[in-house]
2 protein chains.
Amino acid sequence: MVMTMAVDRKEKVIRAAEKTFASFGYKATTMDLVARLADVGKGTIYTFFTNKEELFYEIMNQFIQRIKKIATNAIHDEDSFFVNLHRALYSMLELRKEHQLTIKLTQEFREVGTAQAEKALADIEDAILGFMEEFISKAAAKGELKACDPKVTAFVILRLYISLVFDWEMHHSPLSSQEIADLFELYLVHGLKK
Amino acid sequence: MVMTMAVDRKEKVIRAAEKTFASFGYKATTMDLVARLADVGKGTIYTFFTNKEELFYEIMNQFIQRIKKIATNAIHDEDSFFVNLHRALYSMLELRKEHQLTIKLTQEFREVGTAQAEKALADIEDAILGFMEEFISKAAAKGELKACDPKVTAFVILRLYISLVFDWEMHHSPLSSQEIADLFELYLVHGLKK
DNA sequence: TTATGACCAAATGACCAAAATAGTCATTTT
DNA sequence: AAAATGACTATTTTGGTCATTTGGTCATAA
């Protein structure tokens, strides 16, 4: 029962911290506010986490787990490798795109260059790359695509998707999931050669 | 003869300004230093350019002309569309990569977020995109590649190249021109499908 | 007529007092 | 006894100031 209380408090701290990080970013979030929002003493936070950074990375880790789960759920055995890859990637990027904390961190990194924000964003990218690499390796072993370096391939495909999902929107009207799937099909599945 | 003198001075100003912009960036370059380096009075600069910004864009325009020339020279009629596209793109990005002023502007935009630096870099990208778009349109008309939107295609290919030439190096050992050509061939020309 | 640099209003950034903050630990609560 | 707390402190950040620097002008010189 005592244990349950402690876990409850830890959860409350994490949720409160997630909210404040998402609102103000890493730099501008104060431990005082987190404590007040979680309705615990400031000292209590430091019984769960050694410092602000560790609390922050706990939240990011939880988010990365969520991303991995979503990607895994997007894989349906009855579909082809390429359909599955598109669905997994698209759902991961949609999650990332809508995730308030990630949005805030992107903004904070661009504006202030906070190192923690940069590392957190790199960690998310690495998680996505890791998932893709494994998925590509498996498919390559099964002969579902040409021989290729899974690392470079994952990197190239992710870049293509990020370009289409995020960068394209900056100067043009956004592309739908179907349009992106079609472009993926055209450029990377079949190639441009007639 | 009088005209020649004026052009000479203008050229001297441009060369001096290019040097200082490349050393200190847009923000930290003073018109006083440019004038001293060009060995003209400060007022003289303002007989050629209405302000610092215009002088800067004159320099950037000259660089964009150079890029276009290099790309045009990379096109050899005896080679295929894809070989030509790779050579043109690779030489443009190599020029961009080694160009001191562009390097400085990239750094300045990342660190200080100077608006002029951002605009100049966007202008370079637009020039490259414009060239590619035209080249792709022509090839599409000749039936050398599948039907595709030249704008999106140029955008996607440029992104792929930038990823491979610049971004990949940030976490891995750099790829040679031949390796990039091979990857371009694999991913975008023939596609990943077996 | 053309080039110049002394000059000026505006922008900048060095400086510093005041405020805010991460993390600690003696005290209180359970 | 164990867990929670918030007052406290060393350090960082902020906001405001003012001397210095800078882009741009224009009366003078060549």
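Structure shown above.
The notes below deal with the structure included here. Throughout this document, residue positions are counted from 1 along each chain, in the order its sequence is written. As a convention, the first chain written is A and the first ligand written is 1, with the rest following in written order. Owing to the predicted nature of the model, reporting of local features is limited to residues with pLDDT of at least 70; listing and counting of side-chain atom pairs is limited to 80 or more, with chain, interface and lining totals taken over all residues. Note: side-chain values were computed over all heavy atoms of the structure, leaving out hydrogens and water.

Focus on the protein's contact with DNA strand C
Phase 1 of the analysis: Any residue with a heavy atom positioned within 4 Å of a molecule or strand is treated as near that molecule or strand. In the neighbourhood of DNA strand C, 13 residues make up the surrounding shell, with M31, K42 and K52 of chain A together with G43 and T44 of chain B lying closest.
Phase 2 of the analysis: Counting only atoms of DNA strand C within 4 Å of the protein, the fraction found in sugar and phosphate groups is 64%.
Phase 3 of the analysis: Definition of a polar contact: a pair of N or O atoms within 3.5 Å, with one able to donate and the other able to accept a hydrogen when the atoms are protein atoms, and with sequence-neighbouring residues admitted only if both atoms are side-chain atoms. In the model, a phosphate oxygen of DNA strand C is placed 3.1 Å from a nitrogen or oxygen of the R9 of chain B side chain.
Phase 4 of the analysis: Within the backbone of G43 of chain B, a nitrogen or oxygen atom sits 3.4 Å from a base nitrogen of DNA strand C.
Phase 5 of the analysis: Helix and strand definitions here come from DSSP, where helices need a minimum of 4 consecutive H or I residues and strands a minimum of 2 consecutive E residues; each element is numbered from the N-terminal end. Only helix 3 (42–48) of chain A together with helix 3 (42–48) of chain B provide two or more residues apiece to the surface near DNA strand C.
Phase 6 of the analysis: When residues are sorted by character, Ala, Val, Leu, Ile, Met, Phe, Trp, Tyr, Cys and Pro go into the nonpolar class, Asp, Glu, Lys and Arg into the charged class, and all the rest, Gly among them, into the polar class. Broken down by class, the residue content of the surface near DNA strand C amounts to 3 nonpolar, 6 polar and 4 charged.

Structural notes on the environment of D39 of chain A
Phase 1 of the analysis: By the element assignment, D39 of chain A lies in the loop between helix 2 (31–38) and helix 3.
Phase 2 of the analysis: Taking the C-alpha atoms as reference points, D39 of chain A and D79 of chain A, 40 residues apart in sequence, are found 48 Å from one another.

Thoughts on the protein's contact with DNA strand D
Phase 1 of the analysis: What surrounds DNA strand D is a group of 13 residues, the closest being G41 and T44 of chain A together with M31, K42 and K52 of chain B.
Phase 2 of the analysis: Take G43 of chain A: an N or O atom from its main chain is 3.4 Å from a base nitrogen of DNA strand D.
Phase 3 of the analysis: In this structure, a phosphate oxygen belonging to DNA strand D sits 2.8 Å away from a main-chain N or O atom of K52 of chain B.
Phase 4 of the analysis: Every element with two or more residues in the surface near DNA strand D is listed here: helix 3 of chain A together with helix 3 of chain B.
Phase 5 of the analysis: Considering only residue class, the surface near DNA strand D consists of 3 nonpolar, 6 polar and 4 charged.

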